[in-house]
Amino acid sequence: MRSLPNPGRFKHRRSNKVHAALRAQVERTISRIKQWRIFRHARISPNKLTSVAAAILTLMIYT
């Protein structure tokens, strides 16, 4: 007797695919940010750098 396929498995596989696509974009953007000198030699507070990094990340993902 053959067992029926698990319908939750396909849903989980689809969510993993979406998560992997978003994660790849974020990792690519973070690696690009790490290459910029402005973050290595910044003379502003870390709180402002966090805001700058978040803005750049948002612009790079959605453009």
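Residue positions are counted from 1 within each chain, in the order its sequence is given. For this predicted model, a pLDDT threshold of at least 70 governs which residues receive local features, and a threshold of 80 or more governs which side-chain atom pairs are given and counted, while totals over whole chains, interfaces and linings are taken from all residues. Calculation of side-chain values draws on the structure's entire complement of heavy atoms; hydrogens and water are dropped beforehand.

### A look at the overall build of the protein
Keep this limit in mind: Strands are runs of DSSP state E lasting at least 2 residues, helices are runs of H or I lasting at least 4, and numbering of each runs from the N terminus. The buried label applies to any residue whose accessible area, calculated with a 1.4 Å probe on protein chains only, is under 20% of its type's maximum; exposed applies above 50%, and partly exposed to all values in between.
Of regular secondary structure, the protein possesses 3 helices and 0 strands. Taken from the N to the C terminus, the helices and strands of the protein come in the order α-α-α. Classification of the 63 residues of the protein by burial places 6% in the buried group.

### What to know about the pattern of salt bridges
What counts is decided by this rule: The salt bridge criterion pairs a side-chain nitrogen of Lys or Arg with a carboxyl oxygen of Asp or Glu, the two atoms within 4 Å.
Under the counting rule described, the total for this entry stands at 1 salt bridge. A salt bridge links R23 to E27; the nearest nitrogen and oxygen atoms lie 2.8 Å apart. One end of the pair is R23 and the other is E27, both in helix α1 (residues 7-35) and 4 residues apart, which spans about a single turn.

### Notes on the environment of K34
Positionally, K34 belongs in helix α1. On a C-alpha basis, the gap between K34 and A53 in space is 10.0 Å, while along the polypeptide they are 19 residues apart.

### What about the environment of T58?
What counts, and what does not: Counted as a polar contact is a pair of N or O atoms within 3.5 Å, where, for protein atoms, one must be capable of donating a hydrogen and the other of accepting one, and residues adjacent in sequence contribute only when both atoms are in side chains.
Looking at where T58 falls in the secondary structure, it is placed in helix α3 (residues 46-61). Judged by relative accessible area, T58 falls into the partly exposed class, the value being 43%. Measuring from C-alpha to C-alpha, the distance between T58 and T29 comes to 9.4 Å, with 29 residues separating the pair along the chain. Within polar-contact distance, the side chain of T58 engages the backbone oxygen of A54 at 2.8 Å.

On their own, these measurements won't tell you what the molecule is for.
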